[in-house]
Amino acid sequence: MAIGAHPDDVEIGCGGSLLASSALGHEIYIYVATRGEKSGNPVIREDETRKTAELIGAQKLRIADFRDTLLKRDGELIDSIESFVKEVEPHIVFTHTANDQHHDHQAVALSAVEACRFVPNLFCYESPSAKNFQPQAFVDISSVISKKLKLLDIFWSQRGKQYLRKNAIVGLAEYRAFQTRVEQIKYAEAFEVSKVCMSEALSLFSVPVFARELELSKSPISGERVEQ
Ligand SMILES: [Zn+2]
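What you are looking at is a predicted structure, and each value in this text was computed from that prediction instead of being measured.

Would you mind going over the overall build of the protein with me for this structure?
Counting its secondary structure elements, the protein contains seven helices and seven strands. In sequence order, the protein lays out its α and β elements as β-α-β-α-β-α-β-α-β-β-α-α-β-α. For the protein, whose C-alpha radius of gyration is 17 Å, the value lies close to the compact-globule estimate of 17 Å for 228 residues. Oriented by its inertia axes, the alpha-carbon framework of the protein measures out at about 55 × 40 × 30 Å.

Here it is in structure tokens:
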């Protein structure tokens, strides 16, 4: 699952990772907090977001109704993200880094940490406005870098934006790949690690379905989960 403040945040930050995961058959869910109305026509921006979700092969896209540039880390935003998290039960979540100068991005980053407290793996992606970003995890996106560029082409309404220039996107992916010092990785997306849980086999932990069912059966109200 990926979480972003505005249309295009998720695609820039972790679009390659989503494309690569989707190609492997993983289910993809995307949450966007606003329609980005401060940077263009919200109807067009929503439409562009739907098209990118389709190209990624996302199972579900949730575009919430928060106002662009007015996001705050508060109960309303946390609840909105959390309701989607409960609905889709992700094993891995990608969201903004809190080391971001855009206050909307910061608000989403901080809210997501709380909304995803029961998710085993939480990674934070970089945006063009991120500062002091210190990646600890890298995803190889070499096989999907061209598709990531196609994905970003869909944001036609934002075509004048410097951060969407292809050489900037490719250059960053190449630089992040270089940082891994793993020769086979030609292009990468980088992440700060908020939380990682590994299985005994040292693979990223997935919550087994039976564990979730067990949790449900403990609930005094049928079908509702008890959480503190
Ligand atoms: Zn943004």
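Just to check I follow, could you spell out helix α4 (residues 103-115) for this structure?
Because an α-helix packs 3.6 residues into every turn, residues spaced three or four apart end up facing the same way. Compared with an ideal rise of 1.5 Å per residue, which puts 13 residues at 18 Å, α4 spans 18 Å between its outermost C-alpha atoms and is within 8% of the ideal. Of all 13 residues in α4, ten are buried; the element is thus mostly enclosed. For α4, the complete set of buried residues consists of Asp104, His105, Gln106, Ala107, Val108, Ala109, Ser111, Ala112, Val113 and Ala115. Packing partners of the buried residues in α4 comprise β1 (2-4), β2 (29-34), α3 (75-88), β4 (92-96), β5 (121-125) and β7 (188-195).

Explain the environment of Lys38 here, please?
Along the chain, Lys38 turns up in the loop between β2 and α2 (42-56). Taking the C-alpha atoms as reference, Lys38 lies 9.9 Å from His6; in sequence the two are 32 residues apart. Dropping the residues within four chain positions of it, Lys38 is found in contact with Asp68 and Thr69.

Would you mind going over the packing of helix α5 (residues 145-153) against helix α6 (residues 166-180) with me for this structure?
Relative orientation and spacing of two packed helices are given, respectively, by the angle between their axes and the distance between those axes. Across the interface, α5 lies against α6 with an axial gap of 11 Å and an inter-helix angle of 145°. Between α5 and α6 the crossing geometry is right-handed. Judged by residue contacts, Ile145, Lys148, Leu149 and Leu152 of α5 engage Lys166, Ile169, Val170 and Ala173 from α6. Among the residues forming the contact of α5 with α6, the class breakdown is six nonpolar, no polar and two charged.

The rules behind these values
Residues numbered from 1 in each chain as written. Predicted model: local features only at pLDDT ≥ 70, side-chain atom pairs only at ≥ 80, totals over all residues. Helix = DSSP H or I, 4+ residues; strand = E, 2+ residues; numbered from the N terminus. Rg over C-alpha atoms; globule rule 2.2 N^0.38 Å. Expected span 1.5 Å × (residues − 1). Buried ≥ 20, exposed ≤ 12 C-beta atoms within 10 Å, placed from the backbone. Contact = placed C-beta atoms within 7 Å. Axes fitted to C-alpha atoms, helices over the stretch in contact; angles between N-to-C directions. Left-handed = near helix turned anticlockwise from the far one by under 90°. Nonpolar A, V, L, I, M, F, W, Y, C, P; charged D, E, K, R; others polar.

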